[in-house]
Amino acid sequence: MARTLTMIEAITEAMAQEMERDERVFVMGEDIGLSGGVFKATAGLYDKFGEERVLDTPLAEGNIIASAVGASMVGLRPIAEIQFADFITPAMESIVQQASKIRYRSAGGYGCSLTVRICCGGGTGGGLYHSQENAAWFVHEPGLKVVMPSTPYDAKGLLLAAIRDPNPVLYFEHKKLYRTAKGDVPEGDYTVPIGKAETRRQGRDMTVVTYGYMTPLCLEAAEQMSKSGVEAEVIDLRTLSPLDRDTVLESVRRTNKCLIVHEDKRTLGIGGEISAIIAEEAFEDLDGPIVRITGPDVPAIPFAPPLEHAWMVNTEKIVAGMQKLAAY
Amino acid sequence: MASKSGRAVAELETEKSENGRELMLGLYQMLVKCRMCDEKARILFRQGKYAGNFYSGVGQEAAEVGAAYSLREDDWIAPSHRDWTANIIKGAPLKLCFAQLFGKATSPDRGKSTPAHMGYPPIHTITPASSIAGQLAVGTGVAFGLKRLGRDTVVVSFFGDGATSLGGFHEALNFAGVHRLPIIYVCQNNLWAESVPLRLQTALTDLSDRAKAYGFPGVSVDGNDVMAVYDAATKAIARARSGEGPTFIECKTYRWYGHSEIDPAKYRTKEEVEAWKKRDPLVLFEKVLRDKKFLTDELKDKIAKGITQEINEAVEFAEQSPYPDASELKDHIWAQE
Ligand SMILES: Cc1ncc(C[n+]2csc(CCOP(=O)(O)OP(=O)(O)O)c2C)c(N)n1
Ligand SMILES: [Mg+2]
């Protein structure tokens, strides 16, 4: 039976159900136990499972991940939380030198089945250090899977898939979707496959590739364009690494145009990689330039409302991109 | 050398124990084995038999052997760059250790990791990353996992004086203290971190003082006295195994050669090096054994001959082993599903 849940409820439910199902699963991070998390993603888990399995850690992101890596090496299934993607930097060593490479450097002798939940994203007045996405840093690291859901259904299914995945999975959660994204979520157990994009809207005129919080905005923009007779196909990547190249390429070969939308900074972002894939694999199918609507190359999202607004991708900017592309 | 463990006065428990002779000869044999393997690794590098680099631990064997010798088969070691021989002490076949130097397909990591950065999963030595203090953090995580699983297995983490300056070191030891993790932090203080002298690394005299900040005991021992290290380690291991938590052991020691095989180590004085070579951990221990009449010339020869033969076979195995095929480049990035 499905009910309507918010994204954050879906995330909490996935953790609770998996902890019930699998004794090896436990949660660790800053402020996740006694307080239930800054955004209440772990609300209720402490009361249900106790300190043993819902562990408030010292304020040390590097050690949160390193200790989770070590615990996974002896067969446990940790879910580590990074309170804000902005503060993942102290954990860079643990993520990119340890989690992503332990299997490779031991030729499979040691594995790392680890889920890192990371709260990210702007548009909430968080300012420079409570708004960053930073997912692209990790897409550059083979050995790490990177996912970001846009719906409560995917949030639960992707999280269950992440916990069960024998590889390290970075699970990015956009804070703006926590309570604005609502949708049907089955009560029971299911997974959403990692590495598979979802086509959210069919359309013949252009392909829009996006993910996370940008997905509902792209869908809204596509509806607006529809009024003027332009039908955009909207692909929600859901997984940023490994990328579902096939779904993107198949669509672009049909629509012959591609718009890429992401919130994170532009240079060397996901959009740059998708553009390159399309240029390499579908060059002759293109009827117009690849267009990117992205966050700007500015160090981080500034605090003052007009500045934050100027940074953020919104429906207007996406519509403008669609119009530019439609003209070809 | 001043020692907080009271080594200067107390009779060592190792010497008192009933199987003292057997144990001491075992330690001696392992010291010789590590020395000979390490010297061989250096020669092979100089002969151009393998590329990359090697970080010799010659001069520091007593710290390495003393700390790891009494570990059980199911215990773990988190080694660093200078601890290739930790694998030997824990029981890795020499063939694999030399295949590791050569980067051959028969090495535990099939030629992926660098020569000195060796781990061997069946005996629970963790293949280290090169990033200093990284292995210490992951080793702490393993101890965390073992404790959660309710096992009575322990982790020995090896690192140098330089590693104690990194943030990851502090984070790991702090966490280990909070959760009384079953881990023994063995710092081989060889007075130098590459070319940086200890006085520019820390204002401390005894690195074991750091343990105070994490709420567990720290001891400084003569790292060239294998029995002093062994005694401190067995106590720390027993403590960890019984759930009482971590111990920090500083082994004051010295590396004889450069930081790596490409480092002429011109930053150190000849006098300093010579003074430490006079305190060769093997010579010191040999004297103890001879005084006790545990070691004769005959036995010494026999031990050396046995090891030489084992090394020769291992080197031959390594030389004859194939390199990994280029098709293996993308193996082991992801779990096999
Ligand atoms: C994070 C990091 N920084 C720098 C290096 C380069 N490096 C390798 S070993 C070393 C010195 C380590 O000194 P210490 O911890 O005392 O160990 P020792 O080499 O003396 O055994 C340095 C600077 C590295 N491997 N990792
Ligand atoms: Mg040193």
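Residues numbered from 1 in each chain as written. Chains lettered and ligands numbered in written order. Predicted model: local features only at pLDDT ≥ 70, side-chain atom pairs only at ≥ 80, totals over all residues. Heavy atoms only, no water.

Visitor: Go over the side chain of Gln135 of chain B with me, naming the residues and quoting the values.
Guide: Mapped onto the secondary structure, Gln135 of chain B falls in helix α6 (residues 134–148). Polar side-chain contacts of Gln135 of chain B include one of 2.7 Å to the backbone oxygen of Phe158 of chain B. When residues no more than four places from it in sequence are discounted, the contact partners of Gln135 of chain B are Gln98 of chain A together with Ala78, Pro79, Ser80, Pro128, Phe158 and Phe159 of chain B. (Helix = DSSP H or I, 4+ residues; strand = E, 2+ residues; numbered from the N terminus. Polar contact = N/O pair within 3.5 Å; in protein donor to acceptor, adjacent residues only side chain to side chain. Contact = heavy atoms within 4.5 Å.)

Visitor: For the sheet that holds strand β3 (residues 54–56) of chain A, give the residues involved together with the corresponding values.
Guide: Residue and element names in this part refer to chain A. Overall, mixed pairing links the seven strands, which are arranged β3-β2-β4-β5-β7-β6-β12 in an open sheet. The open sheet terminates on both sides in strands that have one partner only, identified here as β3 and β12 (239–241). Here the average twist between neighbouring strands, direction ignored, is 20°. The sheet contacts of helix α1 (residues 7–21) involve β2 (25–29), β3, β4 (77–82), β5 (115–120) and β7 (169–174), and relative to β2 the element is tilted by about 135°. (Pairing = 2+ DSSP bridges. Axes fitted to C-alpha atoms, helices over the stretch in contact; angles between N-to-C directions.)

Visitor: A description of helix α3 (residues 61–73) of chain A should follow, citing residues and the corresponding values.
Guide: All names here are of chain A. For α3, built from 13 residues, the straight-helix expectation of 18 Å at 1.5 Å per residue is met to within 8% by its first-to-last C-alpha distance of 19 Å. Counting buried residues along α3, 13 of its 13 residues qualify, which places the element largely inside the surrounding structure. Looking one or two residues beyond α3, the residue adopting positive phi is Gly75, at roughly 105°. (Expected span 1.5 Å × (residues − 1). Buried < 20%, exposed > 50% of the residue type's maximum accessible area, 1.4 Å probe, protein only.)

Visitor: Run through the sheet that holds strand β6 (residues 218–222) of chain B, naming residues and quoting values.
Guide: Residues and elements named next belong to chain B. With parallel pairing, five strands are arranged side by side in an open sheet as β1-β2-β3-β7-β6. Here the strands that pair on one side only, and so sit at the sheet edges, are β1 (76–78) and β6. Each strand of the sheet is rotated relative to its neighbour by a mean of 20°, with strand direction disregarded. Note that strand β2 (residues 155–160) and strand β3 (residues 183–189) share six bridges and pair parallel. Each bridged residue has a counterpart across the sheet, and for Phe159 the counterpart in β3 is Cys187. Each of β2, β3 and β7 (247–252) is contacted by helix α7 (residues 167–178), which is oriented at about 145° to β3, the strand it contacts most.

Visitor: Talk me through the interface of chain B and chain A; I want residue IDs and the actual numbers.
Guide: If you look at the interface, chain B gives 38 residues, while chain A gives 36 residues. Between chain B and chain A, the buried area comes to about 3000 Å², and carbon and sulfur atoms account for 67% of it. For the chain B face of the interface with chain A, the top three residues by lost area are Arg148, Glu171 and Trp334 of chain B, together amounting to 22%. Taken together, the connections running from chain B to chain A amount to zero salt bridges. (Buried area = accessible area lost by both parts, 1.4 Å probe. Salt bridge = Lys/Arg side-chain N within 4 Å of Asp/Glu carboxyl O.)

Visitor: Requested: an account of the site of ligand 1, with residues and values cited.
Guide: Residues and elements named next belong to chain B. In the vicinity of ligand 1 there are 14 residues, among which His81, Arg82, Ser130, Gly162 and Asn190 approach most closely. The separation between an oxygen atom of ligand 1 and a polar side-chain atom of Asp161 is 2.9 Å. Take Trp192: an N or O atom from its main chain is 2.9 Å from an oxygen atom of ligand 1. When isolated, ligand 1 has an accessible area of 580 Å², and the protein chains bury 71% of it. The class makeup of the residues in the shell around ligand 1 is four nonpolar, seven polar and three charged. (Near = heavy atom within 4 Å. Areas by Shrake-Rupley, 256 points an atom, 1.4 Å probe, with all protein chains shown as cover. Nonpolar A, V, L, I, M, F, W, Y, C, P; charged D, E, K, R; others polar.)

Visitor: Got a sec to walk through the coordination of the magnesium ion (ligand 2)? Specific residues and values, please.
Guide: Distances from the magnesium ion (ligand 2) to its protein donors, Asp161 of chain B (OD), Asn190 of chain B (OD1) and Trp192 of chain B (O), fall within 2.1 Å. We note that the donor set of the magnesium ion (ligand 2) lies within a single chain, spaced as D-x28-N-x1-W. (Donors = N, O, S within 2.8 Å, 3.2 Å for Na, K, Ca; no water.)

Visitor: Quick rundown of the environment of Asn189 of chain B? Include the residues and the values.
Guide: All names here are of chain B. Mapped onto the fold, Asn189 is located in strand β3. Asn189 gets classed as buried once you look at its relative accessible area, which sits at 2%. For the pair Asn189 and Ala163, spaced 26 residues apart in sequence, the C-alpha separation works out to 9.8 Å. Setting aside residues up to four positions removed in sequence, Asn189 forms contacts with Asp161, Leu198, Leu207, Glu250, Cys251, Lys252 and Thr253. Within the structure, Asn189 has its side chain in polar contact with the side chain of Glu250 (distance 2.8 Å).

Visitor: Please provide a residue-by-residue account of the packing of helix α2 (residues 20–46) of chain B against helix α11 (residues 297–320) of chain B, values included.
Guide: Residues and elements named next belong to chain B. Where α2 contacts α11, the axes come no closer than 10 Å and their chain directions differ by 40°. With respect to their mutual orientation, α2 and α11 come out oblique. As α2 packs across α11, the resulting crossing turns out to be right-handed. On the side of α2, the interface is formed by Leu25, Tyr28, Gln29, Val32, Lys33, Met36, Cys37, Lys40 and Leu44, while α11 contributes Leu299, Lys300, Ile303, Ala304, Ile307, Thr308, Glu310, Ile311 and Val315. Classifying every residue of the contact of α2 with α11 gives 12 nonpolar, two polar and four charged. (Parallel < 35°, antiparallel > 145°, perpendicular 65-115°, else oblique. Left-handed = near helix turned anticlockwise from the far one by under 90°.)

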